[in-house]
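Now for the letters of each chain:
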Amino acid sequence: MQNLLYKETDGLKYIMEQKEQSGRRDEFPELVPNGSASFTHIFSEIEAFMNSKIHDHVVDGAAVAGDGMLNDHGSGHIAMVMARAYMLVKDNVQDLKGYEIFFLLLSIHFHDVGNIYGRDAHEEKICSVFEALGDKFPLDSTARRLITNIAMSHGGNHDGDKDTLAYVQEKEYVDGIAIRASVLAALLRFADEIADDKNRASSVLVALKVIPKENKAFHEYSRSLEPPVIEADTLLLHYNIRNDLLFNRVSKLDSEVFLYDEILNRIQKCLCELDYCKRYSQGFIHVSCLSVRINILDSSELKEIFQICFKAKITGYPDKSMYNPVCCSDPKVPAKTGEELITLINKGN
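Everything quoted here is computed from the prediction, not taken from an experiment.

Engineer: For this particular structure, what's the right way to read the pairing of strand E8 (residues 304–315)?
Structural biologist: On a regular strand, one side chain projects to one face of the sheet and the next to the other, so that they alternate. Judged from the 8 bridges that link them, strand E7 (residues 289–297) and E8 form a sheet pairing that is antiparallel. Following the sheet pairing, Ser-291 is matched in E8 by Lys-311. Taking the residues between adjacent antiparallel strands as the criterion, E7 and E8 are bridged by 6 residues, where Glu-301 takes a positive phi near 65°.

Engineer: It is not clear to me how the packing of helix H7 (residues 141–152) against helix H8 (residues 181–193) should be interpreted in this structure. Could you clarify?
Structural biologist: Between two packed helices, both the angle of their axes relative to each other and the distance between the axes serve to describe the pair. Where H7 contacts H8, the two axes come as close as 8 Å, and the packing angle between them is 45°. One way to sum up the angle between H7 and H8 is to call them oblique. The chirality of how H7 crosses H8 is right-handed. Mapping the contact onto sequence places Leu-146, Ile-150 and Ala-151 in H7 and Ala-181, Leu-184, Ala-185 and Leu-188 in H8.

Engineer: Even after reading the chapter, I still don't get the packing of aromatic side chains, so can you show me in this structure?
Structural biologist: To describe a pair of aromatic rings, one takes the distance between the centres and the angle between the planes. Evaluation of the coordinates by the stated rule reveals 9 aromatic pairs. With 5.6 Å between their ring centres and 20° between their planes, Tyr-99 and Phe-102 make a pair best called stacked. With Tyr-99 and Phe-102 both in helix H5 (residues 98–110), this residue pair falls 3 residues apart, about one helical turn. Among the aromatic side chains, those forming a connected cluster through ring pairs are Phe-28, Phe-39, Tyr-99, Phe-102 and Phe-103. The ring centre of Tyr-221 lies 4.1 Å from the NZ or CZ of Arg-266, which sits over that ring.

Engineer: Which parts of the structure should I look at to understand the nonpolar core?
Structural biologist: Side chains of a nonpolar character, in soluble globular proteins, are inclined to be buried together. Within the largest apolar cluster, 98 residues are counted, with the highest numbers of intra-cluster contacts made by Phe-102, Phe-103, Phe-110 and Ile-294. Looking at this core element by element, the count peaks at 10 residues for helix H12 (residues 259–278). Discounting residues that sit within four places of it in the chain, Ile-294 has contacts with Tyr-239, Ile-241, Tyr-260, Ile-263, Leu-264, Phe-306, Gln-307 and Ile-308.

Engineer: Help me understand empty space enclosed by the protein, please; the structure alone is not making it clear to me.
Structural biologist: Gaps left between atoms show up when a probe the size of a water molecule is rolled over them. Throughout the structure, instances matching the rule amount to 1 cavity of 30 Å³ or more. Roughly 80 Å³ of volume is contained in the largest cavity. For the lining of the largest cavity, the elements supplying multiple residues, two or more each, are strand E4 (234–242) and H12. Residue composition of the lining of the largest cavity, by class: 9 nonpolar, no polar and 3 charged.

Engineer: Mind showing me how you'd approach the pattern of salt bridges here?
Structural biologist: Pairing between side chains of opposite charge can happen when the charged atoms of each approach one another. Using the criterion set out here, one finds 16 salt bridges in the structure. In this structure, the salt-bridge partner of Lys-19 is Glu-27, at a minimum N-O distance of 3.4 Å. Pair check on accessibility: Lys-19 and Glu-27 agree, each one buried. A salt bridge links Asp-197 to Arg-84; the nearest nitrogen and oxygen atoms lie 2.3 Å apart. Of the two residues, Asp-197 sits in the loop between H8 and helix H9 (203–207) while Arg-84 sits in helix H4 (residues 75–89), which places them 113 residues apart along the sequence. Both residues of the pair, Asp-197 and Arg-84, count as buried. Overlapping salt bridges, with partners in common, bring together Glu-220, Arg-223, Arg-242, Asp-244 and Glu-301 in one network.

Calculation notes
- Residues numbered from 1 in each chain as written.
- Predicted model: local features only at pLDDT ≥ 70, side-chain atom pairs only at ≥ 80, totals over all residues.
- Heavy atoms only, no water.
- Pairing = 2+ DSSP bridges.
- Helix = DSSP H or I, 4+ residues; strand = E, 2+ residues; numbered from the N terminus.
- Axes fitted to C-alpha atoms, helices over the stretch in contact; angles between N-to-C directions.
- Parallel < 35°, antiparallel > 145°, perpendicular 65-115°, else oblique.
- Left-handed = near helix turned anticlockwise from the far one by under 90°.
- Contact = heavy atoms within 4.5 Å.
- Phe/Tyr/Trp six-rings, centres within 6.5 Å; stacked < 30°, edge-to-face > 60°.
- Lys NZ or Arg CZ within 6 Å of the ring centre and 35° of its normal.
- Core = buried A, V, L, I, M, F, W, Y, C linked by side-chain atoms within 4.5 Å.
- Buried < 20%, exposed > 50% of the residue type's maximum accessible area, 1.4 Å probe, protein only.
- 1 Å grid on protein atoms, 1.4 Å probe; cavity = no way out; pocket = protein on both sides within 12 Å on 5 of 7 lines; lining within 4 Å.
- Points joined across faces, edges and corners; volume = space filled by probe spheres on them.
- Nonpolar A, V, L, I, M, F, W, Y, C, P; charged D, E, K, R; others polar.
- Salt bridge = Lys/Arg side-chain N within 4 Å of Asp/Glu carboxyl O.

See below:
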């Protein structure tokens, strides 16, 4: 057995390497391209290049394009999406082929690189990045095309159709190995959806008050969310709102919103993404509901002055034109807007 590159704490990368080391012919192609030691080594080399040369310039590129200061879209965010993907599939990860994990991890590396050319339609700019990098990767056009298709489907639209996963092939054969492309795309998309917690926010820049006005809501949202956890079939989302952010709106693009309203909107979006991605995941996404806790903190952030807890799930018959999910919470959310929450807390005082 070769010396291993990854440890068990490396999650999907470790599983990928273990599967390649197993020698089973259904896990990876027999021939490794360009005389490389293994597919795991190929991935490791690509990851090192992306982390050192590409990812940490994505936010800079977006800023140059006029999109202000995005929250983290660099190597830290990539590692977070990989960790969330592993969290989603951990219980049945052995049902993924090693070569499928290889393509999932590479697609994660490429899903946000288009932001380097600007935020608008960044999913469609992945091809431009691949073209600019030329022959730096030992992957043929078939492999690159698969990575691009999986990565592009994580958001945006396909010729005006928001159902981007429908345009990813259910199964692609690459070097004789069947790759469930639509499953990988669904996993990437939902892993990215739940990879927006406090570790993604630029806390120092927020504290120094240098975040551009139009980007503040995105950073404050990330700061408010603890890293999500999955227990059985439930995704736990725990938020902390500082007292000053309860009573004051924050800027979001060309408008202003209460952080509480932004949180509720994102919870609804998370439910929609869960409902959508599950349909393409072939059982790999087993989460069925969200358990939400929103703590309102005093100015010191050391004391809770109010708390809202509820579970939410998708209910209702889907609209025939696409789907029209309805958020059903138990118990009912006591405040549906930031203004209602302020009134509710003031009554309690």
